[in-house]
Amino acid sequence: MATHGTRGRSGGRPTLEEVAARAGVGRGTVSRVINGSPRVSDATRAAVEAAVAELGYVPNTAARALAANRTDAIALVVPEPETRFFAEPYFSDMLRGVGAELADTEMQLLLIFAGSDRERQRLAQYLAAHRVDGVLLVSVHADDPLPDLLSQLEIPAVISGPRSAAETLPSVDSDNYGGGRSAVEHLLARGRTRIAHITGRLDVYGAQRRVDGYRDALRDAGYEAGGLVEPGDFTEEGGRRAMAALLARDPSLDAVFAGSDVMAAGARQALREAGLRIPEDVALVGYDDSAIARHMDPPLTSVRQPIEEMGRRMLSLLLTEIADRRPAASRGLERHQVVLATELVPRASS
């Protein structure tokens, strides 16, 4: 008489067929239960789960992934130099959100940097081999070829903010226009009238939308918005240079909206080098509401965007895309563009 334990009839690991025989169901039913399908009755599910426990059956996840043409891996691709990734809280917050959402799955996360042409070429070869089930793209520039490559390869992908208003890939972003507008409206309410703006890189659509919000808020209040905009690059040094250029252009400016907290830190340095007090002489507002904002002296007023939540939503959207295996052409423009609200957090800098 055969005995059942942690070893199957063959003396090796229990098989799917042995679980099916013990539960009195078909192999396909066992597979559905193991994969969490809702198309199984409660009684059948209980019988299969009891058989799994009695036999000590452990699913072969590698074999399941291979049979389903899956790798059970996704890539978080950052088309920036590693130095920027580790210098800016935005990226670590995004990674934290992705990781928290991924914790409830069996998927593995690969972090890939693609800040140089060589790294992009190597990544293109890796993706062409279909070694991941999907890709999260963070910090995408307008001319980045990676989104189009992913579309051509029909690899599911979600990006952190559209490349333009005509974006076709699924994206998750914050309300950059509303955030820029709220920053300026806050400064106007504080009695500031000569408000400058240090932009992020303008090949990033989110940075363009912050500029739009800045300009519209000033125009609606009856102020000219043309001459006090200076391009930055989301770095501290870029913020310092932009602030110095703005002061040279108009020493009478009384407020600055920086497109990131990191650039606001650079702007603060330039203001202090010029002998100007914050906020008495020049009010300062940043963007992101990162730890930098809370630890600055004085603490920085900043526009909070829910970066961790953006990471969570990006992964959730990507898992939906991976589950939907219809060819991209058959889906047409059936895409998801998620925009999350921002919130201005007032502090002593304004």
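Below or above, wherever it landed, is the structure these notes cover.

Procedures and definitions
- Residues numbered from 1 in each chain as written.
- Predicted model: local features only at pLDDT ≥ 70, side-chain atom pairs only at ≥ 80, totals over all residues.
- Heavy atoms only, no water.
- Helix = DSSP H or I, 4+ residues; strand = E, 2+ residues; numbered from the N terminus.
- Buried < 20%, exposed > 50% of the residue type's maximum accessible area, 1.4 Å probe, protein only.
- Contact = heavy atoms within 4.5 Å.
- Areas by Shrake-Rupley, 256 points an atom, 1.4 Å probe, with all protein chains shown as cover.
- Core = buried A, V, L, I, M, F, W, Y, C linked by side-chain atoms within 4.5 Å.
- Phe/Tyr/Trp six-rings, centres within 6.5 Å; stacked < 30°, edge-to-face > 60°.
- Pairing = 2+ DSSP bridges.
- Axes fitted to C-alpha atoms, helices over the stretch in contact; angles between N-to-C directions.
- Parallel < 35°, antiparallel > 145°, perpendicular 65-115°, else oblique.
- Nonpolar A, V, L, I, M, F, W, Y, C, P; charged D, E, K, R; others polar.
- 1 Å grid on protein atoms, 1.4 Å probe; cavity = no way out; pocket = protein on both sides within 12 Å on 5 of 7 lines; lining within 4 Å.
- Points joined across faces, edges and corners; volume = space filled by probe spheres on them.
- Salt bridge = Lys/Arg side-chain N within 4 Å of Asp/Glu carboxyl O.

**A few points about the overall build of the protein**
A count of helical and extended segments in the protein gives 15 helices and 12 strands. Taking all 350 residues of the protein together, 48% fall into the buried category. Within the protein, counting contacts between residues at least 6 apart in sequence, those at least 24 apart form 71% of the total. Carbon and sulfur atoms form 50% of the exposed surface of the protein, whose accessible area is close to 16400 Å².

**Observations concerning the nonpolar core**
Within the largest apolar cluster, 41 residues are counted, with the highest numbers of intra-cluster contacts made by Ile198, Tyr214, Met243, Leu253, Val256 and Leu284. Elements that contribute at least two residues to this core include exactly helix H9 (176–189), strand E6 (195–199), helix H10 (205–220), helix H11 (236–249), strand E8 (255–258), helix H12 (261–273) and strand E9 (283–288). The element contributing the most residues to this core is H12, with six residues. In this view, Leu253 contacts Arg194, Ala196, Met243, Leu246, Leu247, Asp281 and Val282; residues no more than four positions away in its chain are not counted. With 24 residues, the next largest nonpolar core counts Phe85, Met310, Leu315 and Val338 among its residues.

**Some thoughts on the packing of aromatic side chains**
Following the criterion strictly, the structure yields six aromatic pairs and no others. Both rings, one in Phe86 and one in Phe113, keep their centres 6.2 Å apart while their planes meet at 45°; by these two values the pair is tilted. Placement of Phe86 in helix H5 (residues 82–87) and of Phe113 in strand E2 (residues 108–113) is noted, with a sequence separation of 27 residues between them. For Phe86, a relative accessible area of 61% corresponds to the exposed category.

**Looking at the sheet that holds E8**
Within a sheet, each strand pairs with its neighbour through backbone hydrogen bonds, oriented either parallel or antiparallel. Taken together, the six strands give an open sheet; going across it, the order is E7-E6-E8-E9-E10-E12, and neighbouring strands pair in mixed fashion. The open sheet is flanked by strand E7 (229–231) and strand E12 (343–345), the only strands paired with a single partner. Each strand of the sheet is rotated relative to its neighbour by a mean of 20°, with strand direction disregarded. Pairing of E6 with E7 involves three bridges; the strand directions are parallel. Bridge pairing links His197 to Val229 in E7. Against the sheet, H11 touches E6, E7 and E8, its axis set at about 145° to E7.

**Concerning the packing of helix H1 (residues 16–23) against helix H2 (residues 27–34)**
Two numbers describe how H1 lies on H2: the axes approach to 8 Å, and their chain directions differ by 100°. Taken together, the axes of H1 and H2 lie roughly perpendicular to each other. Of H2, the residues touching H1 (which contributes Leu16, Glu17, Val19 and Ala20) are Arg27, Val30, Ser31 and Ile34. Its residues placed into classes, the contact of H1 with H2 shows five nonpolar, one polar and two charged.

**Quick word on empty space enclosed by the protein**
If you walk through the whole model with that rule in mind, you get one cavity of 30 Å³ or more. By volume, the largest cavity amounts to about 340 Å³. Taken together, 26 residues line the largest cavity, and the ones lying closest to its centre are Tyr90, Val204, Arg210, Phe234 and Gln305. For the lining of the largest cavity, the secondary structure elements donating two or more residues are helix H6 (89–102), H10, H12 and helix H14 (307–323).

**Considering the environment of Arg201**
Within the element layout of this structure, Arg201 appears in the loop between E6 and H10. Each C-alpha atom, one on Arg201 and one on Phe234, is 6.8 Å from the other, the two residues being 33 residues apart in sequence. If sequence neighbours within four positions are ignored, Arg201 has contacts with His141, Ala207, Gly232, Asp233 and Phe234.

**Digging into the pattern of salt bridges**
Inspection of the entire model under this criterion finds 23 salt bridges. With a closest N to O distance of 2.4 Å, Arg22 and Glu54 form a salt bridge. Of this pair, Arg22 sits in helix H1 while Glu54 is found in helix H3 (residues 42–55), placing the two residues 32 residues apart along the sequence. For Arg22, a relative accessible area of 34% puts it in the partly exposed group. Classification of Glu54 by relative accessible area gives partly exposed; the value is 43%. In this structure, Glu88 and Arg84 form a salt bridge, with 2.5 Å as the shortest nitrogen-oxygen distance. Summarising the burial analysis for this pair, Glu88 and Arg84 share the class buried. A single network of salt bridges, built from pairs that share partners, joins Asp233, Glu237, Arg240 and Arg241.

From the geometry alone we can't say anything about function, so treat these as descriptive.
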